Amino acid sequence: MSGKNVTEVRLADAVGIAEAARCLESGGLVAVPTETVYGLAARADSAEAVARIYAAKGRPDFNPLIVHVRGLEQAERYAHFPYYAHHLAATQWPGPLTMVLPRRQDAGLAPAVTAGLATIALRVPAHPVMQALLAAVDFPLAAPSANRSGFISPTTAQHVLSSLDGRIDMVLDGGATAKGLESTILAVRENDTWEELRPGPLDSEWLNLDYKGQDRPGERPSKIEAPGQLASHYAPGKPVRLNALEAGPDEFMIGFGAVPGDVTLSAGGNLTEAASRLYAALHEAARAHHPRIAVAPVPEEGVGRAINDRLRRAAA
Ligand code: AMP
Ligand code: MG
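What comes next is a walk through the structure. Values in this document were obtained by computation on a predicted structure and should not be read as measured data.

Reading guide: rules and limits
Residues numbered from 1 in each chain as written. Chains lettered and ligands numbered in written order. Predicted model: local features only at pLDDT ≥ 70, side-chain atom pairs only at ≥ 80, totals over all residues. Heavy atoms only, no water. Helix = DSSP H or I, 4+ residues; strand = E, 2+ residues; numbered from the N terminus. Buried < 20%, exposed > 50% of the residue type's maximum accessible area, 1.4 Å probe, protein only. Polar contact = N/O pair within 3.5 Å; in protein donor to acceptor, adjacent residues only side chain to side chain. Contact = heavy atoms within 4.5 Å. Arc of directions from axis to C-beta. Core = buried A, V, L, I, M, F, W, Y, C linked by side-chain atoms within 4.5 Å.

## Considering the side chain of His68
Part 1 of the argument: Here His68 lies in strand S4 (residues 66–68).
Part 2 of the argument: His68 gets classed as buried once you look at its relative accessible area, which sits at 4%.
Part 3 of the argument: One polar contact links the side chain of His68 to the main-chain carbonyl oxygen of Ile66, over a distance of 3.4 Å.
Part 4 of the argument: Not counting residues up to four positions away in its chain, the partners in contact with His68 are Arg123, Pro125, Met130, Leu134, Pro140, Leu141 and Ala143.

Written as structure tokens, this is what we have:
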């Protein structure tokens, strides 16, 4: 006997989802597909369950978690929604947008979820499996990405197992995730100003135009405490060289557009496709025998900003 716990892998059908709901009710940890990456879910109202997330991931306890809810009505039990947050919820939820909002005093969630902050991060996911799970339980789900802290985020059930097998109770296998990058995080303040804490799949051009169109007073603030925005993250465990035009002799090359590689993010130079493939490419590069990784340049536009944000941290 190894003493290691068993992680059950279940197909994300009605039976699997019902089983996952029971597991969560009793304080278990379940990896669940969302439209961004696989999340590691636990009931957000239980201090013990939330503590297990931090332990399984080896996550520093100053790094708060995103709380996933069914919709705006449930979200309003946990946070105050300034006008602009209501507007964003109406236009972007369900979807890959997380809002950091003033936390309600009576939120009643495990304090570790918010790492003791006066704010809370909330998201309404669009993935049918995560939605079905949220509908099956009567508590919100705290869910960071389902990987060991600091490593590459998972976009398949196999990726989850590669770092958390034996450390969590269950994986719901719903196939590869569509967007492939973690949600955009915006902090929205009481005075309706906002700040992007993490670039993601949400189109920032849309956001800037939308915000101007709202004719809101005041400037966007330039600084907010964002405890989890660690410089080194998404690390494949080998040196990563960015903006490479060709591979060195000992490098696994990740191509993009006209720059070829051992794998490519998108041969046609499509940024949406590149985002969806980024973590699978990094996982493959981590597994390869090459001691180093090189990555082709990715344009800093649209979701390319979010891709470059993750690549810079993988290289840090
Ligand atoms: P992950 O779940 O691994 O995608 O990471 C969640 C991200 O949300 C981290 O970068 C956290 O720092 C961020 N986050 C969660 N709650 C808050 C909050 N209240 N204020 C600022 N950032 C937050
Ligand atoms: Mg993460």
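## Overview of helix H5 (residues 128–136)
Since the α-helix packs 3.6 residues into each turn, any two residues three or four apart lie on the same face.
Part 1 of the argument: Taken residue by residue, H5 has Val129, Met130, Leu133 and Leu134 as its buried positions. Relative to the axis of H5, the buried residues are bounded by an arc of 135° and lie together on one face. Opposite the buried face of H5, by more than 90 degrees, sit the exposed residues Pro128 and Ala135.
Part 2 of the argument: Check the buried side of H5 and you find it contacts helix H1 (14–25), strand S2 (30–33), S4, strand S7 (141–142) and strand S8 (170–173).

## As for the nonpolar core
Part 1 of the argument: Membership of the largest hydrophobic core comes to 47 residues, with the highest contact counts inside it found for Phe81, Trp93, Met99, Leu122 and Ile168.
Part 2 of the argument: Of all the secondary-structure elements, those providing two or more residues to this core are strand S3 (38–43), helix H2 (47–57), helix H4 (83–92), strand S5 (97–102), strand S6 (119–123), helix H6 (157–164), strand S9 (184–188) and helix H7 (204–213).
Part 3 of the argument: If you tally residues by element for this core, the top one is H2, at five residues.
Part 4 of the argument: In contact with Leu122, other than residues within four places in its own chain, are Val67, Val69, Ala75, Tyr78, Ala79, Phe81, Trp93, Leu97, Thr98, Met99 and Leu101.
Part 5 of the argument: Membership of the second largest hydrophobic core comes to 32 residues, among which are Ile152, Ala244, Phe252 and Ala285.

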